[in-house]
Each structure stands twice: as C-alpha cells, then as structure tokens.
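A look at the structure
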Amino acid sequence: MKPLALSIRLILPALTACLLPSCGGEYPLTGSISYRDAESGAKAGLVFAPGEPVRGSVKLPVYNPETGQVIGQVDLVSGK
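Structural notes, computed from the coordinates. (Residues numbered from 1 in each chain as written. Predicted model: local features only at pLDDT ≥ 70, side-chain atom pairs only at ≥ 80, totals over all residues. Heavy atoms only, no water.)

With that settled, consider the overall build of the protein chain. Helix and strand counts for the protein chain stand at two helices and four strands. The order of α-helices and β-strands along the protein chain, N terminus first, is α-α-β-β-β-β. Residue pairs in contact within the protein chain that sit at least 24 positions apart in sequence constitute 31% of those at least 6 positions apart. Carbon and sulfur atoms form 62% of the exposed surface of the protein chain, whose accessible area is close to 5600 Å². (Helix = DSSP H or I, 4+ residues; strand = E, 2+ residues; numbered from the N terminus. Contact = heavy atoms within 4.5 Å. Areas by Shrake-Rupley, 256 points an atom, 1.4 Å probe, with all protein chains shown as cover.)

What follows is the structure in structure tokens.
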C-alpha cells in the first residue's frame, strides 16, 4: 500500500474523533479501538471514556526514499 493512502486511512478517523470532542460526553462508551498495518508498521487508535473527549493517536514510520530504511516516526496524539 502506498504511504499516502495508508496515512489518509489512519489519520482521517483520528482527526474526525478529535474534531468532535463533545461526543465523548454524550455517549457512555468505554474502551478502545486500534489498528496496526503489518506491512508498514503504522498504528492508529481511539480511546473512549464516559464524560471525556475521544482520545486518538497515530504513529507512522518515515522511510528514507533512497534506501527504504526507517529514519524516524511521526507520532500524533490528541486528548489528555
């Protein structure tokens, strides 16, 4: 899978949850949802707790385009 397509597929749900913080207090949800792409090593997750905004996180590896080796990681976290 292309890195851009993977990034969009992981980041959009997390951003949606972050943009709707009021929803965390309206629904008594407890738990978490996570996804890990085995091919790229990218990870994303959402954590739900009653009375709190939804917390989201996305971790994407950054690859050197010449060597294909991992040279860093993007780590986005929202919430507390």
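Back to the text.
A few words now on the sheet that holds strand 3 (residues 55-63). The four strands are arranged 1-2-3-4 in an open sheet whose pairing can be described as antiparallel. Of all the strands in the sheet, just strand 1 (31-36) and strand 4 (70-77) have a single pairing partner and so form its edges. Mean inter-strand twist for the sheet, computed between neighbouring axes without regard to direction, equals 10°. In terms of strand pairing, strand 3 meets strand 4 through seven bridges, oriented antiparallel. Its bridge partner being in strand 4, Val58 is matched across the sheet by Leu76. (Pairing = 2+ DSSP bridges. Axes fitted to C-alpha atoms, helices over the stretch in contact; angles between N-to-C directions.)

Our focus in this paragraph is the environment of Asn64. In this fold, Asn64 is placed in the loop between strand 3 and strand 4. Among the residues examined, Asn64 registers a relative accessible area of 21% and is labelled partly exposed. (Buried < 20%, exposed > 50% of the residue type's maximum accessible area, 1.4 Å probe, protein only.)

A contiguous nonpolar surface patch, about 320 Å² in accessible area, is contributed by Val62, Ile71, Val74 and Leu76. At three residues, strand 4 tops the list of elements feeding residues into the nonpolar patch. Tracing the sequence through the fold places Leu76 in strand 4. Since its relative accessible area comes to 43%, Leu76 is described here as partly exposed. (Patch = residues over 30% accessible without salt bridge, like charges linked within 9 Å, V, L, I, M, F, W, Y side chains within 5 Å. Salt bridge = Lys/Arg side-chain N within 4 Å of Asp/Glu carboxyl O.)

Next up on the list: the side chain of Asp37. Locating Asp37 in the fold gives a position in the loop between strand 1 and strand 2 (43-48). Taking relative accessible area as the criterion, Asp37 reaches 10% and is therefore assigned buried. Here the side chain of Asp37 touches Tyr35 through a polar contact of 3.3 Å, side chain to side chain. For Asp37, the side chain forms a polar contact with the side chain of Ser40, separated by 2.8 Å. (Polar contact = N/O pair within 3.5 Å; in protein donor to acceptor, adjacent residues only side chain to side chain.)

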